[in-house]
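Coordinates in review
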Amino acid sequence: MNNPETAIEAKDMVKQFGSFIANDHLTFSVYKGEIFGFLGANGAGKTTAIRILCGLSRPTSGEIRVAGYNVFTETEKIKKRIGYMSQRFSLYEDLTVSENFRFYGGIYGMSRTSIRKKTGEMLERLGITELSSTIIASLPLGIRQKLAFSVAIMHTPEIVFLDEPTGGVDPITRRQFWTMIYEAAEAGITVFVTTHYMDEAEYCNRVSIMVDGRIEALDTPANLKLKYKASNMNDVFLKLARNAGAGRE
Amino acid sequence: MHFHNMRTIFYIVQKEFLQVFRNRMMLPIIFVIPVVQLLILSYAVTFEIKNINLYIVDNDNTVSSRSLLEHFRSSPFYHITGQGANSKLGMEYIQKGKAHQMLVLLPGFEKNLVTGTPARVQVINDAINGSAAALMNAYTLSIIGDYNKNIISRIQPGASSPMNVRWSFWFNPELDYKTYMVPGILVLLVTIIGMFLAGMNVVREKEIGTIEQINVTPIKKYQFIAGKLIPFWIIALFELAVGLLAARLIFDIPLLGNIFLIFFIASVYLLVVMGIGLFLSTVTNTQQQSMFLAWFVLVIFILMSGLFTPVESMPQWARNLNVVNPIAYFIEMIRMVMLKGSGFQHISYKLGLLFIYGVAMLSLAVWRYRKTT
């Protein structure tokens, strides 16, 4: 299993914390260049999965390849090819915007000139060039999230992992954020995004829906709505969650 | 080392310096508190005994007894806190902490002196603080001894003691306590900075979550540790320079040895304490945990180091434990170089051991640091 067309391949991915199974035999592939939505309620196991794929957490078992490399043995090679925006805020609040760009660009091994060029480009695209030497702590959440995303893709990774990137931001900023995601995908970056906003699922090429540590459904939003006879993704999710709840009782 | 690897370290060092100098609390912590600490500890922590509160019971009340007591009254080290007819009241003074020592002269003191019978003097010390009591006792005995010698030479002119001892104190001729203490306190200063700043910095990144963002990059583990080590290593050496300057200007502490040798020793020493601090940061998740562990280690190291008590008077097992006590190495070496003017050849063996220790601790920190959990 080393398909050149896939960015991520997971087969029977399991993560167990003691007797609690956070990821129960997840099997899925993500194609290159697509926007893959990883949906589920809070606590369904999304963050656990994303941390495994980024090489931050070791899976209990499974056969998993990210950017063609094995997550058990080649984590450092994976790390060269991915970007990650964590659920927790990841920029240094006591540094300025450009200092954050310089630091992360620097540890990804970018040259001084390309860091400067990239920082300029990204701030221009966000329309906040004048905020370049502003301390992060004094910026509103929406701008910070967009900056965190920009930092995560500034070294042009093959895949970017976004863990709840739009958590807590207003609807307008969410819309702008998804425009940025589309732009990244158009530039050839595979996007793996977790969210619990079901309306955002509509923006993805394909989505998987996790319930209690298992993937209950995986398809395009259109096919899922058809299959579950639902008018929107929210109803799809509710039906799946209800079934799982019934199964448990 | 590859140029690219060095660059990665440089970016971390740059970021740490930016953060340290931007933090309003950090600058006073780093530069003011140490000087204050040096001032307070050097003046206050002293083993010299001044102001011994003495209670006197003179049951003889003769010219001789009064002349002995006069020696105590005129000494700057004694303060006569009370005088009474019997030792009962004196005991009460000691109980209440109003007197440290009681001197009892029994009736017949003068008569015995004149007739050549041993005259008896009783000295009672409050020995809760053993070393202070021993010192008080020694002062008192030396005053009585001087008095005794005068009497002997008066009664038997021409008699001299068979042994004639003359002494001199090398390297600290005036037995100035500060000369001994200040180098040790400089060591403490460097230690606290070294042990806490780097380690706490790593744990702080764990707490705010930024460490995840670093762990997801292809950074190498040694680069991360080196990037956290170097800034605080430089700050600690700078701090030592401030401390040495203060020692020279305020306390007039002699600096007989080579100042560069002192900095060289300190740089090697810092590898050890920072290695320990960074290692602790890899096994803890919160600043609280890491602080607690670091203090635990530090207090043991300080108390056993010979800073406050001579290592020579510790039991053998405790002295053996000092093989792993970096503070003991550093204090011994810095005192040797500052006060005795020892050179590299005198300390090279210990310095070598310290270097190996430092490399070992840093390797341990690199090994224990986990990018993937």
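Residues numbered from 1 in each chain as written. Chains lettered and ligands numbered in written order. Predicted model: local features only at pLDDT ≥ 70, side-chain atom pairs only at ≥ 80, totals over all residues.

**Quick notes on the nonpolar core**
Within the largest apolar cluster, 139 residues are counted, with the highest numbers of intra-cluster contacts made by A:Val66, A:Ile159, A:Val160, A:Phe161, A:Val191, B:Leu186 and B:Ile334. For this core, the element with the highest residue contribution is helix α7 (residues 177-208) of chain B, accounting for 17 residues. The contact partners of A:Val66, leaving out residues within four places of it in the chain, are A:Ile8, A:Leu53, A:Val71, A:Ile78, A:Ile82 and A:Ile159. Core analysis: the second largest hydrophobic core is formed by 18 residues, B:Val57, B:Leu68, B:Leu105 and B:Phe109 among them. (Core = buried A, V, L, I, M, F, W, Y, C linked by C-beta atoms within 7 Å. Buried ≥ 20, exposed ≤ 12 C-beta atoms within 10 Å, placed from the backbone. Helix = DSSP H or I, 4+ residues; strand = E, 2+ residues; numbered from the N terminus. Contact = placed C-beta atoms within 7 Å.)

**Re the environment of B:Ala127**
Structurally, the position occupied by B:Ala127 is in the loop between β4 (121-125) and α6 (130-155). Sequence-wise, B:Ala127 and B:Asn137 are ten residues apart; in three dimensions their C-alpha atoms are separated by 9.7 Å.

**Some words on helix α9 (residues 221-250) of chain B**
Compared with an ideal rise of 1.5 Å per residue, which puts 30 residues at 44 Å, α9(B) spans 43 Å between its outermost C-alpha atoms and is within 8% of the ideal. Note on α9(B): the residue one or two positions beyond its end, B:Asp252, has a positive phi of about 60 degrees. (Expected span 1.5 Å × (residues − 1).)

**Thoughts on the interface of chain B and chain A**
The interface is formed by 21 residues belonging to chain B together with 23 residues belonging to chain A. Looking at the side of chain B that touches chain A, the elements that each hand over two or more residues are α1 (3-22) and α8 (210-215) of chain B. In terms of residue class, the side of chain B that touches chain A is made up of six nonpolar, eleven polar and four charged. (Nonpolar A, V, L, I, M, F, W, Y, C, P; charged D, E, K, R; others polar.)

**Overview of unusual backbone geometry**
All names here are of chain A. Notably, Asp212 is not glycine yet its phi reads approximately 50 degrees, a positive angle. Mapped onto the fold, Asp212 is located in the loop between β9 (206-211) and β10 (214-219). The phi angle at Lys229 is positive, at roughly 50 degrees, despite the residue not being glycine.

**Thoughts on the sheet that holds β10(A)**
Residues and elements named next belong to chain A. Taken in spatial order, the six strands line up as β6-β7-β8-β3-β9-β10 in an open sheet, and their pairing is mixed. Each edge of the sheet is formed by a strand with only one pairing partner; in this case those strands are β6 (82-85) and β10. The average undirected angle you get between the axes of adjacent strands in this sheet is 15 degrees. In this sheet, strand β8 (residues 190-195) lies alongside strand β3 (residues 35-40) in parallel orientation, the contact comprising five bridges. Looking across to β8, one finds that Phe36 is bridged to Phe192. Lying over the sheet, helix α6 (residues 171-186) contacts β3, β7 (159-163) and β8, oriented at roughly 150 degrees with respect to β8. (Pairing = 2+ DSSP bridges. Axes fitted to C-alpha atoms, helices over the stretch in contact; angles between N-to-C directions.)

**Here's the deal with the sheet that holds β4(B)**
Strand-to-strand pairing in sheets goes through backbone hydrogen bonds, with the strands running parallel or antiparallel. All names here are of chain B. If you walk across this open sheet you meet the four strands as β2-β1-β3-β4, and the pairing is mixed. Lying at the two open borders of the sheet, with one neighbouring strand each, are β2 (78-84) and β4. For this sheet, the mean angle separating the axes of adjacent strands, direction not counted, is 20 degrees. Here five bridges tie strand β1 (residues 52-58) to strand β3 (residues 101-105), and the two strands are oriented parallel to one another. By the bridge assignment for β3, Tyr55 is matched with Met102. Contacts from helix α3 (residues 63-74) reach β1, β2 and β3 within the one sheet, and its direction differs from that of β1 by about 170 degrees.

**Focus on the domain arrangement of chain B**
Along its sequence, chain B is carved into domain 1 (3-45 + 175-368) and domain 2 (52-155). Between the C-alpha centres of domain 1 of chain B and domain 2 of chain B there is a distance of 48 Å. (Domains from an automatic or database assignment.)

**Brief notes about the packing of helix α3 (residues 97-107) of chain A against helix α4 (residues 112-126) of chain A**
All names here are of chain A. Contact pair α3 / α4: the axes reach a minimum separation of 10 Å and the direction vectors enclose 135 degrees. When the axes of α3 and α4 are compared, the pair comes out oblique. Along this stretch, α3 crosses α4, giving a crossing that reads as right-handed. Two secondary-structure elements touch here, α3 through Ser98, Phe101, Arg102, Gly105 and Gly106 and α4 through Ile115, Lys118 and Thr119. Residues that form the contact of α3 with α4 fall into these classes: two nonpolar, four polar and two charged. (Parallel < 35°, antiparallel > 145°, perpendicular 65-115°, else oblique. Left-handed = near helix turned anticlockwise from the far one by under 90°.)

**Re the environment of B:Gln287**
If you trace the backbone, B:Gln287 turns up in helix α11 (residues 287-304). Discounting residues that sit within four places of it in the chain, B:Gln287 has contacts with B:Met200, B:Val203, B:Arg204 and B:Glu207.

**Quick notes on the packing of helix α13 (residues 326-340) of chain B against helix α14 (residues 344-368) of chain B**
Residue and element names in this part refer to chain B. Interhelical geometry of α13 versus α14 gives an angle of 150 degrees and a closest axis separation of 11 Å. Our classification of the angle between α13 and α14 gives roughly antiparallel. The handedness of the crossing between α13 and α14 is left-handed. Taken together, the residues of α14 that come into contact with α13 (itself represented by Pro326, Tyr329, Met333, Met336 and Val337) are His346, Ile347, Lys350, Leu351, Leu354 and Tyr357.

**Describing the environment of A:Ile189**
All names here are of chain A. For Ile189, the location among the structural elements is in the loop between α6 and β8. Residues Ile189 and Leu226, 37 residues apart in the sequence, show an inter-C-alpha distance of 29 Å. Leaving out residues up to four positions away in the same chain, Ile189 has contacts with Ile153, Pro157, Glu158, Ile159, Val160 and Ala184.

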